[in-house]
Amino acid sequence: MENIIYKKAPAKINLTLDVTGKRPDGYHELRMVMQTIDIYDEISLEAIEDERIIFTMDKELPDKIQPEKNLVYKAAKLMFENYKIDGGIKIHLTKNIPAAAGLAGGSSDCAATLEGINELYNLGLTIEELCDLGVTLGADVPFCIKKGTQLSEGIGEILTELPSLPPLFALLIKPDISVSTAYVYTHLDLPSLDYHPDTDKMIDRIEKKDGAAVASLLSNVLETVTIPEYPVLNDLKKYLMDNGAIGSLMSGSGPTVFGLFQDEIQATMAYRKAMSDFPDYDVILCQTKIPD
């Protein structure tokens, strides 16, 4: 058994996000297309003799939650409680994905921890078994385990693999604001929605490798709550389109918005301009793919 392994925990963006109903348990029924992007957190997992979980990070998160409440710690605790693992583990997380950004950074860290412990201790769990564990910790965790381009349904746990998205550049801008996911879903007025994403058409265009059409079909019903609350997000979407993006959208419940580009030079120019124009924001240029 290796004593230490390293995992990449990539972020995601939503290409579509539709809410189709609300369940009796309070959760919302979703139908969305999610896509892995190649910005990622880095996690080291080291087997130790002491029977304890040691979790550290390279920076403090904005909400300043205790380590024991972090999804990484919870994932490790779940694995050690469910499987006979001798000793303990030391985990260090290096954060590169902006926190509380609508990019599933926490869920991806959780997924990488489950995968890493499975590999480190040779537990032999299948991807489906890891997903069954992961969904108990967060609805996005199964997607973050499977990665790629996926149709996500239910509360996010029912996944259908789609063909890989045509290579596109994604310019992400996260303003210095905090958005509560719970607030957004609570204030979503489903009966009053006058549009829904055409997710079936999005899937068809992905299958046809039509990047321009994919960009034109970007749609997220949660914008109806978050953007009126934070109009700067609409300004940022317009900014991305004015600087060459072929489509722009808010990811998840926000506040990150992204623009898709087919041309690397144009994407790089827009990135440099955004870095200059928004020095206090997180500005990231990446691609729609699983990191190497």
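Remember, it's a predicted structure, so these values are computed and weren't measured experimentally. (Residues numbered from 1 in each chain as written. Predicted model: local features only at pLDDT ≥ 70, side-chain atom pairs only at ≥ 80, totals over all residues. Heavy atoms only, no water.)

Draft legend 1. Seen up close, the sheet that holds strand β11 (residues 282-287). The sheet built from four strands is open, its strands ordered β9-β10-β7-β11 with antiparallel pairing. Each end of this open sheet is capped by a strand with a single partner; those strands are β9 (247-250) and β11. Neighbour-to-neighbour, the strand axes of this sheet turn through a mean angle of 20°, independent of strand direction. Of the strand pairs in this sheet, strand β7 (residues 169-174) and β11 are connected by six bridges, and their pairing is antiparallel. Counterpart to F169 in the pairing with β11 is Q287. In the packing of helix α9 (residues 232-242) onto the sheet, the strands contacted are β7, β9 and β10 (257-261), and the crossing angle to β10 comes to about 15°. (Pairing = 2+ DSSP bridges. Helix = DSSP H or I, 4+ residues; strand = E, 2+ residues; numbered from the N terminus. Axes fitted to C-alpha atoms, helices over the stretch in contact; angles between N-to-C directions. Contact = heavy atoms within 4.5 Å.)

Draft legend 2. Representation of the packing of aromatic side chains in the model. Counted under the stated rule, the structure contains three aromatic pairs. Between F80 and Y121 the ring centres are 5.8 Å apart and the planes differ by 80°, which places this aromatic pair in the edge-to-face class. A residue pair is termed long-range when its members are at least 10 positions apart, and F80 in helix α1 (residues 71-82) and Y121 in the loop between α2 (105-120) and α3 (127-134) qualify at 41 residues. One exposure class covers both F80 and Y121, and it is buried. The structure contains a cluster of three or more aromatic residues connected by ring pairs, namely Y239, F278 and Y281. (Phe/Tyr/Trp six-rings, centres within 6.5 Å; stacked < 30°, edge-to-face > 60°. Buried < 20%, exposed > 50% of the residue type's maximum accessible area, 1.4 Å probe, protein only.)

Draft legend 3. View of unusual backbone geometry. With an omega of 5°, the peptide bond between G254 and P255 qualifies as cis. Relative to the assigned elements, P255 resides in the loop between β9 and β10. A positive phi angle is found at K147, which is not glycine, with a value near 65°. The topology assignment puts K147 in the loop between α4 (141-146) and β5 (149-154). By relative accessible area, which is 14% here, K147 ends up buried. In this model, K209 sits at a positive phi of 60°, which is unusual for a non-glycine residue.

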